[in-house]
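# Topology and contacts: notes
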Amino acid sequence: MAKNTHLEHLEDDIFNSGTAGVTNSINFLKSLRDMLTEGDGQSAMKVTTKWDGAPAIICGRNPQDGRFFVGTKSVFNKTDPKIVYSEADADKFYPGSTVGGILKECLQRLSTLPIQGVLQGDLLYQKTPSVIMLEGKRNYSFRPNTITYTIPVDSDLGERVGKSKLGIVFHTEYTGRTIADMVAGFGADVSGLQSKSEVAVFSSEFTNVGGAANLTQVEKANVDRTIMSAERNLRQGQGFIKSVQGVGKGPFTLPALFKVYFNQVVREGTVPSAAHMSKQFCSFIDKKFCAEIAKKKTGKSKMEWMKRRNEAVKFINTNRSSMNSALDGFKNLMDAKVMIINKLTKIKSVGTFLEEENGLRATSPEGFVAIKDGAALKLVDRLEFSRANFTAAKDWG
């Protein structure tokens, strides 16, 4: 894979890649099922845990001259990459900003680690976390973004956290002759980065300790049935899936607009029926195009955008039945994915909570990343974490 600057949801692959995306998402689910099936030792699937850290930090040594640098994902900008080798660079690229201050501290502390290549991770905290009481026990607590993490003070990990001034989790390792042409590989061995007590380096690797995340026979049967339903519905919806890729341009392609629309659905907290979604989506794109038409200055431009609007609405109305089947399959993919997530979350050494008016509510981790044959898709319970992420205030600036 190329740069790890954006990961897509597993179910969205049917809109991102059409029929190839259907095959890919189904194969990912089957491989995840196999990985969590007791006695299966042949799965090619690899899973890492997503931590809800912010901002993303890229750091390591420039392969061309060996200089240590830090940065955000802007390190990989095609033009004007923002690579911070010194505090002066942080001031130049991020004058007076919170991000600039974060990168200065990361430069100071992460440069003490024996990092030889280039790593990507997420910042978790910049000072020793505070201690809270949770179920009568003392826990370190930190909230880098949406999720609040808790770690028992008297645990091995807690001992490391208590000595640290900065916490970070690394999940991606890069290789390449220059920063610009680097290629990402998911997973990072952080075992050799534990020598500095002031920096707590967390691992993203998922390990099915003692088979605690294995599917039972009943659970596997439920996953199998849901995958079969997805295959059937997506097969019936292949007419829509094949054709939708060519409708629209740029951010106004129907696949791109559907993803915007579905994020709106997630914010509302309930996924409606496929038939209801297709009607809502048609109204959504009508409003989007009309808003764009209203911005145009000339009659010619307005007519061009009206034509594009009419083509999009006509396509949906003409392919309504096929679209409904595709959306039923889309929901099946989500259901099977959540079944897998619920098993993956059985392996948990760190507490994860959402802050609400009445206090902390236990929640699952942000999610996971599934990696197979060099490709990666994210596994997130969108109605749980994504909705909370859309509505939570961001503290890191």
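Model, not experiment: these values are computed from the prediction. (Residues numbered from 1 in each chain as written. Predicted model: local features only at pLDDT ≥ 70, side-chain atom pairs only at ≥ 80, totals over all residues. Heavy atoms only, no water.)

## Regarding empty space enclosed by the protein
- This structure, assessed with the given rule, holds one cavity of 30 Å³ or more.
- Space inside the largest cavity adds up to approximately 40 Å³.
- For the lining of the largest cavity, the class distribution of residues is five nonpolar, two polar and three charged. (1 Å grid on protein atoms, 1.4 Å probe; cavity = no way out; pocket = protein on both sides within 12 Å on 5 of 7 lines; lining within 4 Å. Points joined across faces, edges and corners; volume = space filled by probe spheres on them. Nonpolar A, V, L, I, M, F, W, Y, C, P; charged D, E, K, R; others polar.)

## Points about the sheet that holds strand β13 (residues 367–372)
- On the basis of which strands lie adjacent, the open sheet formed by three strands has the order β1-β13-β14 and antiparallel pairing. Strands with a single pairing partner mark the edges of an open sheet, and in this sheet they are β1 (46–50) and β14 (375–379). Here the strands of the sheet are splayed against their neighbours by 25° on average, with no regard to which way each runs.
- Both β1 and β13 contribute to a ladder of five bridges, which runs antiparallel. Looking at β13, one finds that Thr49 is bridged to Phe368.
- Running at roughly 80° to β14, helix α11 (residues 320–344) makes contact with β1, β13 and β14 of the sheet. (Pairing = 2+ DSSP bridges. Helix = DSSP H or I, 4+ residues; strand = E, 2+ residues; numbered from the N terminus. Axes fitted to C-alpha atoms, helices over the stretch in contact; angles between N-to-C directions. Contact = heavy atoms within 4.5 Å.)

## Let's talk about the nonpolar core
- If you look at the biggest cluster of nonpolar residues, it comprises 59 residues, and the most contacted ones within it are Leu254, Phe262, Phe281, Ile285 and Leu344.
- The biggest single contributor to this core is α11, with 10 residues.
- Not counting the four nearest positions on each side in its chain, Ile285 is found in contact with Leu254, Leu257, Ala312, Val313 and Ile316.
- Grouped together as the second largest cluster of nonpolar side chains are 25 residues, Ile57, Leu103, Leu123 and Val199 included. (Core = buried A, V, L, I, M, F, W, Y, C linked by side-chain atoms within 4.5 Å. Buried < 20%, exposed > 50% of the residue type's maximum accessible area, 1.4 Å probe, protein only.)

## Focus: the packing of helix α9 (residues 274–295) against α11
- For the pair α9 and α11, interaxial distance at closest approach is 8 Å and the crossing angle is 115°. Viewed along their axes, α9 and α11 form a crossing whose handedness is right-handed. Residues Ala274, Ala275, Met277, Ser278, Lys279, Phe281 and Cys282 of α9 touch α11, and the partners they reach there are Arg320, Met323, Asn324, Leu327, Asp328 and Lys331.
- Here the contact of α9 with α11 is composed, by residue class, of seven nonpolar, two polar and four charged. (Left-handed = near helix turned anticlockwise from the far one by under 90°.)

## Re the layout of surface pockets
- What the second largest pocket holds in volume is close to 500 Å³.
- Lining of the second largest pocket is provided by 21 residues; of these, Trp51, Ser203, Glu205, Ser349 and Val350 occupy positions nearest its centre.
- When contributions to the lining of the second largest pocket are tallied by element, the ones reaching two or more residues are β1, α5 (156–163) and β10 (199–203).

## Observations concerning the packing of aromatic side chains
- Per the counting criterion, the structure on display carries 22 aromatic pairs.
- Seen in terms of ring centroids, Phe252 and Trp305 are 4.9 Å apart; in terms of plane orientation they differ by 80°. Their pairing is edge-to-face. Note that Phe252 is positioned in the loop between α7 (238–244) and α8 (254–268) and Trp305 in helix α10 (residues 299–318), a separation of 53 residues in sequence.
- Overall, the relative accessible area of 13% leaves Phe252 in the buried class.
- Residue classification places Trp305 among the buried residues on the basis of a relative accessible area of 11%. (Phe/Tyr/Trp six-rings, centres within 6.5 Å; stacked < 30°, edge-to-face > 60°.)

## Here we look at the sheet that holds strand β11 (residues 351–356)
- Spatially, the five strands line up as an open sheet ordered β5-β6-β7-β11-β12, and their pairing is antiparallel. This sheet does not close on itself; its edge strands, each paired only once, are β5 (130–134) and β12 (359–362). Averaged over neighbouring strand pairs, the angle between their axes works out to 45° when direction is ignored.
- One ladder, built from four bridges, connects strand β7 (residues 147–152) with β11; its direction is antiparallel. Bridge assignment links Thr148 to a residue of β11, and that residue is Phe353.
- In this fold α5 packs onto β6 (137–142) and β7, with an angle of close to 110° to the strand it touches most, β7.

## Here we look at the confidence of the model for the chain
- Scored by pLDDT, the chain has a mean of 91; 94% of the residues are at 70 or more.
- Scored below 50 in pLDDT, residues 393–397 shows 14 contacts in the model against residues more than four places distant or in partner chains. (pLDDT = per-residue confidence, 0-100.)

## Overview of the pairing of strand β8 (residues 166–175)
- Most of β8 sits out of view: eight of its 10 residues are buried.
- Relative to β8, strand β4 (residues 118–125) runs antiparallel, the two sharing seven bridges. Each bridged residue has a counterpart across the sheet, and for Leu119 the counterpart in β8 is Glu173.
- In this structure, β8 lies alongside β10, joined through five bridges in parallel fashion. In the strand pairing of β10, Leu166 is matched with Val199.
- With four bridges joining them, β8 and strand β9 (residues 183–186) adopt antiparallel strand pairing. Paired with Glu173 across the two strands is Gly185, which belongs to β9.

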